[in-house]
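Reading the structure
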Amino acid sequence: MTEQFLIGTYTLKDSKGIYKVTLDTDEGKLTDVSLAVPSQKPAYLQVGSDKRVYAVKQDGDSAGVADYSLADGTAKTLSTVLATGPAPAYVGLDEKRHLLYSANYHTANVEVFKIKDDGQLVETDKVTHQGETGPEPEQEAPHVHYADLTPDQRLIVCDLGMDLLVVYNVSDDGKLTAVSRYQFEPGFGTRHLIFHPNGKYVYVLGELSSKLAVLKYNANDASFTHLQTVKTIPTDWTAHNGAAAIRMSKDGKYIYTSNRGENTIAVFAIQPDFTVKHIQSISTEGDFPRDFNLSSDESYLLASNQNTDNLTLYKRDSATGKLTLLQKDVACPEPVCVMRF
């Protein structure tokens, strides 16, 4: 059998847009890397249940979001919403309310778009983060890096510049109302997160600190209680590292994070009390692994190395959570985001 992944990229060198790659699950091999959607700087994307693709987009000095139909195998642009300025860093998809969220690192904006039946995107709200920032050089201003749904259908936002989580209620017509804030230690660098399948625990990745924090989530008031913080790299690591992506197995037993610098995937086992224990770090066989993802049955993991233009494939043991290298040096230009298609 085969499975398709889409690879969002930067287009600073040779990349031409969003690429498609095939995973042969019988052979345990990646094949057929090809351009799927011509676009400038589609660094992050989401795939809808109808196979529509929602992505960051840049066009010269303007940037924003776009959505595409790939239903017949060829890319058709359905809508673009662009404004003068830098591109967002993340897009989140809310299919229940037909909304798309964008997080803009450079402008500190969270934007909400209504997705019409024909794919047209119409902005419904925008919030700009302001306030005190952290001590690191990268924290000279608020930097919104993630905006996506909580299990109870609120919007949760990571602000790397402010070491902050903000939770918003979302109306059906796409309006945001802030309901809670959680402040991390200075320099944590809040980047991405993932909730446990039970909806009661959230695992938050700090880019600047290379740390993974475990919080308990109270859905009554969208508040958080800190349980644990651990490093994603060895304690004696002294060179630069930036934690990047985080994924969890569907059974809620294992967490995976990527390290740009150490160039590893770190594997954590979730304990009975929902804290984590580090069990493995494995090389990504390249430089700057910004993202990765699991296959649909979670028997494989596909990682992207942005600076070395290559993809890496691992076999995953569902019983132990550990990874074994299968394939490296699969050429793909400037790979960033990895999504199942």
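- As recorded in an unreviewed UniProt entry, the protein goes by the name 6-phosphogluconolactonase, listed as coming from Limosilactobacillus panis DSM 6035.
- Recorded in UniProt under Sequence similarities (unreviewed entry), the annotation for the protein is "Belongs to the cycloisomerase 2 family."

1. Overview of the pattern of salt bridges
- Summed over all chains, the structure comprises nine salt bridges.
- The residue E207 makes a salt bridge to R260 at a minimum N-O spacing of 3.2 Å. Here R260 lies in strand β21 (residues 254–260) and E207 lies in the loop between β17 (201–206) and β18 (211–218), a separation of 53 residues in the sequence. In this pair, the class of E207 matches that of R260, namely buried.
- Taken together, the shared-partner salt bridges connect R191, E207 and R260 into one network.

2. Structural notes on the pairing of strand β25 (residues 300–305)
- The buried count for β25 comes to six of six residues, which makes it a mostly enclosed element.
- Where strand β24 (residues 291–294) meets β25, four bridges bridge the pair, whose relative direction is antiparallel. For D291, the partnering residue across the bridge sits in β25 and is S304.
- Between β24 and β25, which follow one another and run antiparallel, lie five residues, and E298 among them has a positive phi close to 65°.
- In terms of strand pairing, β25 meets strand β26 (residues 310–316) through six bridges, oriented antiparallel. Across the sheet, the residue bridging to L301 is Y314, located in β26.
- Joining the antiparallel neighbours β25 and β26 is a turn of four residues, in which D309 adopts a positive phi near 55°.

3. What about the sheet that holds strand β9 (residues 99–104)?
- Reading across the sheet, the four strands line up as β8-β9-β10-β11 and stay open at both edges, with antiparallel pairing between neighbours. The sheet terminates laterally at β8 (90–94) and β11 (121–128), the two strands that pair on one side only. Sheet twist, expressed as the average angle between the axes of neighbouring strands with direction ignored, equals 20°.
- With six bridges joining them, β9 and strand β10 (residues 109–115) adopt antiparallel strand pairing. Bridge pairing links Y101 to V112 in β10.

4. Considering unusual backbone geometry
- Positive phi, normally seen in glycine, also occurs at A108, with a value near 60°.
- Here A108 falls in the buried class, since its relative accessible area comes to 3%.
- The phi dihedral of N263 is positive, around 60°, even though this residue is not glycine.
- Tracing the sequence through the fold places N263 in the loop between β21 and β22 (264–270).

Parameters and conventions
- Residues numbered from 1 in each chain as written.
- Predicted model: local features only at pLDDT ≥ 70, side-chain atom pairs only at ≥ 80, totals over all residues.
- Heavy atoms only, no water.
- UniProt positions renumbered as here; feature names shortened; annotations may be inferred.
- Salt bridge = Lys/Arg side-chain N within 4 Å of Asp/Glu carboxyl O.
- Helix = DSSP H or I, 4+ residues; strand = E, 2+ residues; numbered from the N terminus.
- Buried < 20%, exposed > 50% of the residue type's maximum accessible area, 1.4 Å probe, protein only.
- Pairing = 2+ DSSP bridges.
- Axes fitted to C-alpha atoms, helices over the stretch in contact; angles between N-to-C directions.

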